[in-house]
Amino acid sequence: MKCKSFLICCLLCLNSFLASAQTYTLLIKGGTVIDPKNNLNQLMDVGIFEGKVKTIAKDIDPKEAKQVVNAKGMYVTPGLIDIHGHVFFGTQPDHYLSNGLLALPPDGFTFRVGVTTIVDAGGAGWESFPEFKKNVILSSKTRVLSFLNIVGQGMRGGNYEQDTSDMDPQMAAAVAIKNKNDIVGFKVAHFIGPDWTPIKRVVEAGKLANMPVMIDFGGNNPPLSLETLFMKYLRPGDIFTHAYTLLDGNTRETIVDEKTQKVKPFALDARKKGIIFDVGYGGASFNYSQAIPAIKSGFYPNTISTDLHTGSMNGSMKDMLSIMSKFLVMGIDLPTVIRESTWAPAQVIKRENLGHISENAIADVAVFSMREGNFGFYDKTGYKMEGKQKLECEMTIKGGKIVYDLNGIALPTAAK
């Protein structure tokens, strides 16, 4: 009996030694790696060890890995970065997207579509940020970052977002600098009226903290001038979100002239200046009548993002992959769509350690299949485009660990 026990102990030690001697904890094998930063678009294997990408090469021996992902016929990309979401979820019925019921818990809506990093766009302000950090940032497996609202109370809705006395650039900048690992910039949104004060104050905060700002341009009739916004107030690297929107009531100027179907000259000038055009799809902030002519003329978005909340995800937006698939249908090639969803947003938010598959990089990786079939992609007006392909997430890996596996393509399915 003692000999049997000794033999079992030796076998366990041998297995442990062999596991520790393996080169990779995880090997993604046989997929087409699309990594825009490194200009990769070819069949490659990706070996991961201790949370980092260790090797990108052809034909890595699967015996060298503790766990192997069969990605044959699939696309392997950096983990997606959604720079416009709303994840300051809570229980307050009158708090809109700031600790309210319309925002969403990130882990339930990110990993299943390949998103490893999401930026909450203005849900928290400089007053409410500590609660957001405690309840969401520190409690989520998803990497959650923040565009801090210039309004102290954040995106409380209604009068809160109209209160210019609560738009304090000094306080906002101080909170951002103190929390620079979590805050990537500032946001202004939903202000109604002809006053430029909110824009001036959010840009001032950006200058004080040396961070970009994201503008969800408010409404007014007649609309405020986008040319003035771009050329007078915004700096290179600042972000104009909801780029392809046409709002009812002539309350916000568009970047495409609806009559001529041409991109307006000032938008072209703004792009040359370095203004970032973000999709920010949302519930009412994307129109094919703006996007199709813009794409046809080569005016692509810099970044693709969702404006994720309960209204948008149950409307025409759906999720990050649905939007990416729409841009494929509109004629943008897959590597460009991947770039606009990974490396480009990483650069915009100044997180260049993310958004790529390089040796020694953080192992945030997504594995996608391209479904074949008949698919309908519609916008808020009901206009529909039909396509034969649609992206689907097979697996999401964050920090070297599998956090979502749709069909059990990792073997063994559960890592030991």
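What counts and how
- Residues numbered from 1 in each chain as written.
- Predicted model: local features only at pLDDT ≥ 70, side-chain atom pairs only at ≥ 80, totals over all residues.
- Heavy atoms only, no water.
- Buried < 20%, exposed > 50% of the residue type's maximum accessible area, 1.4 Å probe, protein only.
- Helix = DSSP H or I, 4+ residues; strand = E, 2+ residues; numbered from the N terminus.
- Arc of directions from axis to C-beta.
- Polar contact = N/O pair within 3.5 Å; in protein donor to acceptor, adjacent residues only side chain to side chain.
- Core = buried A, V, L, I, M, F, W, Y, C linked by side-chain atoms within 4.5 Å.
- Contact = heavy atoms within 4.5 Å.
- 1 Å grid on protein atoms, 1.4 Å probe; cavity = no way out; pocket = protein on both sides within 12 Å on 5 of 7 lines; lining within 4 Å.
- Points joined across faces, edges and corners; volume = space filled by probe spheres on them.
- Nonpolar A, V, L, I, M, F, W, Y, C, P; charged D, E, K, R; others polar.
- Pairing = 2+ DSSP bridges.
- Axes fitted to C-alpha atoms, helices over the stretch in contact; angles between N-to-C directions.
- pLDDT = per-residue confidence, 0-100.
- Salt bridge = Lys/Arg side-chain N within 4 Å of Asp/Glu carboxyl O.

Draft legend 1. Layout of helix 3 (residues 169-178). When helix 3 is considered as a whole, its buried residues turn out to be Pro169, Ala172, Ala173, Val175 and Ala176. Projected down its long axis, helix 3 shows its buried positions confined to an angular sector of 165 degrees, all on one face. With a side-chain oxygen lying 3.0 Å from the backbone nitrogen of Gln170, the N-terminal cap of helix 3 falls on Asp168.

Draft legend 2. A look at the nonpolar core. Ranked by size, the top nonpolar core spans 87 residues in total, and within it Phe186, Leu229, Phe230, Phe240, Tyr244 and Phe327 carry the most contacts. Setting aside residues up to four positions removed in sequence, Phe240 forms contacts with Ile215, Phe217, Leu226, Leu229, Phe230, Ile255, Ile275, Ile276, Phe277 and Asp278. Leu40, Met44, Val46 and Ala363 belong to the second largest nonpolar core, which has 21 residues in total.

Draft legend 3. Molecular detail of empty space enclosed by the protein. Per the counting criterion, the structure on display carries 3 cavities of 30 Å³ or more. In terms of lining residues, the largest cavity is bounded by 13 residues, among which Phe191, Pro198, Ile199, Phe217 and Gly218 are the most central. Looking at the lining of the largest cavity, the elements that each hand over two or more residues are strand 10 (183-189), helix 4 (197-209) and strand 11 (213-216). Of the residues that constitute the lining of the largest cavity, the class distribution is 8 nonpolar, 3 polar and 2 charged. By volume, the second largest cavity is sized at about 50 Å³.

Draft legend 4. How the structure looks around the sheet that holds strand 11. Spatially, 6-8-9-10-11-12-15 is the arrangement adopted by the 7 strands of the open sheet, whose pairing is parallel. Sheet topology places strand 6 (80-85) and strand 15 (276-277) at the edges, where each strand pairs with a single neighbour. Relative to the sheet, helix 4 contacts strand 10 and strand 11, its axis offset from that of strand 10 by approximately 170 degrees. Seen against the sheet, helix 9 (residues 320-329) touches strand 6 and strand 8 (115-125) and runs at an angle of roughly 100 degrees to strand 6.

Draft legend 5. A look at the confidence of the model for the protein. This prediction gives the protein a mean pLDDT of 94; 94% of its residues lie at or above 70. When mean pLDDT is compared element by element in the protein, strand 5 (residues 75-78) scores highest at 99, while helix 1 (residues 2-21) scores lowest at 49. Of the regions scoring below 50 in pLDDT, residues 10-19 engages in 0 contacts with residues more than four places distant in sequence or in other chains.

Draft legend 6. Structural view of the pattern of salt bridges. If you walk through the whole model with that rule in mind, you get 8 salt bridges. Salt-bridge contacts for Asp364 lead to Arg143; the nearest nitrogen and oxygen are separated by 2.6 Å. Of this pair, Asp364 sits in the loop between helix 11 (343-348) and strand 16 (365-378) while Arg143 sits in strand 9 (residues 143-149), and the two are 221 residues apart along the sequence. Across the pair, Arg143 and Asp364 agree in class, each one buried.

Draft legend 7. Just the layout of surface pockets, in detail. Its volume calculated, the largest pocket comes out at about 340 Å³. Surrounding the largest pocket, 25 residues form its lining, Tyr96, His190, Asp216, His242 and Ser285 being those nearest its centre. Looking at the lining of the largest pocket, its residues break down into 8 nonpolar, 13 polar and 4 charged.

Draft legend 8. Inspection of the side chain of Thr342 at higher detail. Relative to the helices and strands, Thr342 resides in the loop between helix 10 (334-339) and helix 11. From its side chain, Thr342 meets the backbone oxygen of Ile338 in a polar contact 2.6 Å long. Apart from the residues lying within four places of it in its own chain, the contact partners of Thr342 are Pro36, Pro78, Gly79, Leu80, Ile81 and Gly355.

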